[in-house]
Amino acid sequence: EVISMAKKILMYSMKGGIGKTTIQSMNAWNLAKDGHKVLAVDLDPQANLTNILFNTFGHKEPQRGLFDSFVSGDLTTARVHLSENLDLLVSDWSMSLFVSKFESIDTKTRNLILRELLKPFENQYEYILLDVPPTISTLTNNAVLASDFVAIVLQTQQASFDGALKTVTYLNQLRNDYSADFSMIGVVVYLLKRSSVTENDIVKTAKETFGDLLFTNQVLNRERVKRWAMNGITDNVKDVNDRNVHSMFNFVTAETLRRISEMEKE
């Protein structure tokens, strides 16, 4: 089966703990469940995406750690097979060595390492989903510049909103410096409490600021989301909480694909 070039998607924010990893794990789940070939790439030394997917599908040991795979120039040794349609590049603490390892290389080259090393995967998958630490570093630069599409995750707190504005500036700077051709998919609102006046005010401000970039579908504050982050994703059709939360993430994944499709037509 020949697959056309993979679409590489990054969910990002400078602020930690705002749900970008959870959204990316659910994108991976939804796309794979719908029959798409997916590679999840966990670049975060905290390995939260790896942990969610391992808790969901079972632990698999890669041939070699991701950092060592970077050093060897072959990321396939960090790949594990989780389900019929889902593979994962497994992260661990050693990814914290990435920046110091490659800092002696000239800036332009070291920021494009990931883009080069993902090329062998591009005709094996339909989607490559990237997850990074909530920092600006060589590692984040690599993820952004390897991506075709970037979405910003906005939690309904002032600090997160400020971070989203800074993220837009950072992305534009990278695009200019590298003549990069990644596209901004939009801004996803995460963990909104509909009853909170303050949080709704932030959504209103975000709508005024980002306009059509703001996703129509939002991820609301649900205990089940936190449970999945700790224990793995469950899909019990008899459990109303599972059904409701899956429905919510299904809409976010679908909107992501719709936005990408519209951009590709332009």
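In case you missed it, the structure is sitting above this.
Just so you know, these numbers come straight off a predicted model, no measurement behind them.

Cut-off values and rules
Counting from 1, residues in each chain are numbered in the order their sequence is written. The predicted origin of the model limits local features to residues at a pLDDT of at least 70 and limits the giving and counting of side-chain atom pairs to 80 or more, whereas totals for whole chains, interfaces and linings rest on all residues. In computing side-chain values, all of the structure's heavy atoms are included and hydrogens and water are not. For every element, the axis is a line fit to its C-alpha atoms; helices are fit only across the contacting stretch, and the angle between N-to-C directions ranges from 0 to 180 degrees. The helix and strand labels rest on DSSP assignments: H or I over at least four residues marks a helix, E over at least two residues marks a strand, and numbering proceeds from the N terminus. In this scheme, roughly parallel covers angles under 35 degrees and roughly antiparallel covers those over 145, while 65 to 115 is roughly perpendicular and the rest are oblique. Any pair of residues with heavy atoms lying within 4.5 Å of one another is described as a contacting pair. For this scheme, ten residues count as nonpolar: Ala, Val, Leu, Ile, Met, Phe, Trp, Tyr, Cys and Pro. Four count as charged, namely Asp, Glu, Lys and Arg, and the remainder, Gly too, count as polar. The rule is simple: put a 1 Å grid over the protein atoms alone, call a set of points where a 1.4 Å probe fits but cannot get out a cavity, call an open set with protein on both sides within 12 Å along at least five of seven lines a pocket, and count a residue as lining if it has an atom within 4 Å of a point. Grid points are joined across faces, edges and corners, and a volume is the space filled by probe spheres set on the points. How far a helix is expected to stretch is found by multiplying one less than its residue total by 1.5 Å. Working definition: rings of Phe, Tyr and Trp (its six-membered ring) pair if their centres are within 6.5 Å, and the pair is stacked with planes under 30 degrees apart, edge-to-face with planes over 60 apart, and tilted otherwise. Distance and angle both matter: a charge sits over a ring if NZ of Lys or CZ of Arg is within 6 Å of the ring centre and within 35 degrees of the ring normal. Here the nonpolar core consists of buried residues drawn from Ala, Val, Leu, Ile, Met, Phe, Trp, Tyr and Cys, with membership extended through side-chain atoms lying within 4.5 Å. Relative accessibility thresholds used throughout: buried, under 20% of the residue-type maximum; exposed, over 50%; partly exposed, between the two (1.4 Å probe, protein chains only). Left-handed describes a crossing whose near helix is turned anticlockwise from the far helix by less than a right angle; the clockwise case is right-handed. Criterion for a salt bridge: a side-chain nitrogen of Lys or Arg within 4 Å of a carboxyl oxygen of Asp or Glu.

Chemist: What should I look at first to understand the packing of helix 7 (residues 138–146) against helix 8 (residues 158–178) in this one?
Modeler: To describe two helices that pack against each other, one gives the angle between their axes and the distance between the axes. Two elements in contact, helix 7 and helix 8, have axes separated by 11 Å at closest approach and are oriented at 70 degrees. In terms of orientation, helix 7 and helix 8 fall into the roughly perpendicular class. Across from Thr140, Asn141, Val144 and Leu145 in helix 7, the residues of helix 8 making contact are Tyr170, Leu171, Leu174 and Tyr178. Grouping the amino acids of the contact of helix 7 with helix 8 by side-chain chemistry returns six nonpolar, two polar and no charged.

Chemist: When you look at the layout of surface pockets in this model, what are you seeing that I'm missing?
Modeler: Over the atoms, a rolled probe matching the size of one water molecule traces out where space is still vacant. Estimates place the volume of the second largest pocket at around 150 Å³. In terms of lining, the second largest pocket is formed by Arg194, Asn217, Gln218, Leu220, Arg222, Asn244, Val245, Ser247, Met248 and Phe251. For the lining of the second largest pocket, the element with the highest residue contribution is helix 11 (residues 240–265), accounting for five residues. Looking at the lining of the second largest pocket residue by residue, the class counts come to four nonpolar, four polar and two charged.

Chemist: I'm lost on helix 8 in this one. Help?
Modeler: Since the α-helix turns once every 3.6 residues, residues separated by three or four places project in the same direction. A rise of 1.5 Å per residue sets the reference length of helix 8, with its 21 residues, at 30 Å; its end C-alpha atoms lie 31 Å apart and thus fit the reference within 8%. Note on helix 8: the residue one or two positions beyond its end, Ser179, has a positive phi of about 50 degrees.

Chemist: How should the packing of aromatic side chains be read in this particular structure?
Modeler: Aromatic rings considered in pairs are described by the distance between their centres and by the relative angle of their planes. Summed over the entire model, instances satisfying the criterion amount to six aromatic pairs. Summarising the aromatic geometry, the rings of Phe121 and Tyr125 are spaced 6.5 Å apart at their centres and angled 45 degrees between planes, so their arrangement reads as tilted. Aromatic ring contacts, followed pair by pair, group Phe70, Phe98 and Phe102 into a single cluster. The lysine or arginine in question, Arg175, covers the ring of Phe182, its NZ or CZ lying 4.5 Å from the ring centre.

Chemist: Would you take a moment to explain the environment of Leu220 for this structure?
Modeler: Mapped onto the elements, Leu220 comes out in strand 8 (residues 219–220). Taking C-alpha positions, Leu220 is 6.2 Å from Lys193, a pair spaced 27 residues apart along the chain.

Chemist: Sorry, what's going on with the nonpolar core here?
Modeler: Leu43, Phe70, Leu75, Leu118 and Ile128 are the most contacted members of the largest nonpolar core, which has 49 residues in total. Tallying contributions element by element places helix 8 first for this core, with six residues. Here Leu118 is in contact with Lys8, Val41, Leu75, Ile128, Leu130 and Ala146, once residues within four sequence places are set aside.

Chemist: Can you help me understand the packing of helix 1 (residues 20–33) against helix 2 (residues 48–57) in this one?
Modeler: The geometry of helix 1 relative to helix 2 is characterised by a closest axis approach of 9 Å and an angle of 45 degrees between their N-to-C directions. One element, helix 1, and the other, helix 2, form an angle in the oblique class. Remark: the crossing between helix 1 and helix 2 carries right-handed chirality. Residues Thr21, Thr22, Gln24, Ser25 and Trp29 of helix 1 form the contact with helix 2, whose participating residues are Asn48, Leu49, Ile52, Leu53, Thr56 and Phe57. Looking at side-chain class alone, the contact of helix 1 with helix 2 contains five nonpolar, six polar and no charged residues.

Chemist: Is there a simple way to think about the pattern of salt bridges in this case?
Modeler: Where charged atoms from two side chains of opposite charge approach closely, those side chains can pair. All chains considered together, the criterion is met by twelve salt bridges. Of the charged contacts, one joins Lys7 and Glu264 as a salt bridge, the two residues approaching to 3.7 Å between their closest N and O atoms. Remark: Glu264 occurs in helix 11 and Lys7 occurs in strand 1 (residues 7–12); sequence separation between them is 257 residues. Lys7 gets classed as partly exposed once you look at its relative accessible area, which sits at 21%. Judged by its relative accessible area of 45%, Glu264 is partly exposed. As a salt-bridge pair, Arg258 and Glu262 come within 3.1 Å of each other at their nearest N and O atoms. Taken together, the residues Arg258 and Glu262, both in helix 11 and four residues apart, mark about one turn of the helix. Residues joined in a network through salt bridges with shared partners are Glu255, Arg258, Arg259 and Glu262.

Nothing here speaks to function; it is geometry throughout.
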